[in-house]
Protein chains: 2
Amino acid sequence: MTDPRFEDGLLPVVVVDAWTREVLMVAYTNRESLDLTLKTGFAHYYSRSRRKIWRKGEESGHFQRVIRILVDCDEDTLLYEVEQEGVACHTGHRSCFFRTLDGEEIAPRVLDPKEMYGRGKGNRRGG
Amino acid sequence: MTDPRFEDGLLPVVVVDAWTREVLMVAYTNRESLDLTLKTGFAHYYSRSRRKIWRKGEESGHFQRVIRILVDCDEDTLLYEVEQEGVACHTGHRSCFFRTLDGEEIAPRVLDPKEMYGRGKGNRRGG
């Protein structure tokens, strides 16, 4: 068993589609949200802006079933290989990385964000 | 043009192989190392432990030619698609993500780290 180094209490998590290898998003986890992920099999993260743990998809229904968790050489970054329900990005794009640094969109919006939310309470960012 | 939000001066960078899509590593950049990356076409990062900018491969010769840079929806994380010379990890593995959280190695060491370094000055971590 590795022993991830939760510096400042948080680790970044790179989230990739387990089958296509596409990088879907980057989020942060603390020990509690990692434990919830391991226990439930669904990705939980720590929201730095809301200062709380959230289950990915709790607002949008776009859950992430975690297939495998990797840790990097320094044990300060995690990689989740997931089955993504729907889309990962709150904008309606499959991945949060849908633009180049120059601003060119390289991937289409596949869902209307207005129809992704509003079925629950709380903040919609990344939900 | 997007305007990345350099909170605390640093942004995380997910580095993927431009052709295989494999996640190779995660590093950090500030505005100066991003500018150096754009200007030279080779990945430069900011080392949090050494508190300095470094060019990936400056010790090992394992440079990263940057093919494309993506930015995420919140503009607080970058993704570099690179052509990786040699290996990305200082351990001699192709990717820094070569173990599961349980400690199982899922990818072979392809180079002997003893033979990767020692040709220059400085710290060998990630070099």
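Higher on the page you've got the structure.
So, how was this worked out
- Residues numbered from 1 in each chain as written.
- Chains lettered and ligands numbered in written order.
- Predicted model: local features only at pLDDT ≥ 70, side-chain atom pairs only at ≥ 80, totals over all residues.
- Heavy atoms only, no water.
- Helix = DSSP H or I, 4+ residues; strand = E, 2+ residues; numbered from the N terminus.
- Rg over C-alpha atoms; globule rule 2.2 N^0.38 Å.
- Contact = heavy atoms within 4.5 Å.
- Lys, Arg positive; Asp, Glu negative; His and termini not counted.
- Charge placed at Lys NZ, Arg CZ, Asp CG, Glu CD.
- Pairing = 2+ DSSP bridges.
- Axes fitted to C-alpha atoms, helices over the stretch in contact; angles between N-to-C directions.

Some words on the overall build of chain A
Turning to step 1, where the next piece is worked out: Along its length, chain A carries 1 helix and 7 strands.
Turning to step 2, where the next piece is worked out: In sequence order, the secondary structure elements of chain A are arranged as β-β-α-β-β-β-β-β.
Turning to step 3, where the next piece is worked out: Over its C-alpha trace chain A gives a radius of gyration of 14 Å, about what one expects of a compact globule, namely 14 Å for 127 residues.
Turning to step 4, where the next piece is worked out: When its C-alpha atoms are laid out on the principal axes, chain A stretches across 40 × 35 × 25 Å.
Turning to step 5, where the next piece is worked out: Restricting the contact set of chain A to residue pairs at least 6 apart, pairs at least 24 apart contribute 45%.
Turning to step 6, where the next piece is worked out: The distance from the centre of the 20 positive side-chain charges to the centre of the 21 negative ones in chain A is 7 Å.

Quick look at the sheet that holds strand β6 (residues 78–84) of chain B
Turning to step 1, where the next piece is worked out: Pairing is mixed across the open sheet formed by 5 strands, whose spatial order is β7(A)-β5(B)-β6(B)-β1(B)-β2(B). Sheet topology places β7 (99–100) of chain A together with β2 (23–29) of chain B at the edges, where each strand pairs with a single neighbour.
Turning to step 2, where the next piece is worked out: Two strands pair when backbone bridges link them, and strand β1 (residues 11–17) of chain B and β6(B) are joined in this way by 5 bridges, in the parallel orientation. Following the sheet pairing, B:V14 is matched in β6(B) by B:L79.
Turning to step 3, where the next piece is worked out: Strands β2, β5 (64–71) and β6 of chain B of the sheet are contacted by helix α1 (residues 31–40) of chain B, whose axis makes an angle of about 120 degrees with β5(B).

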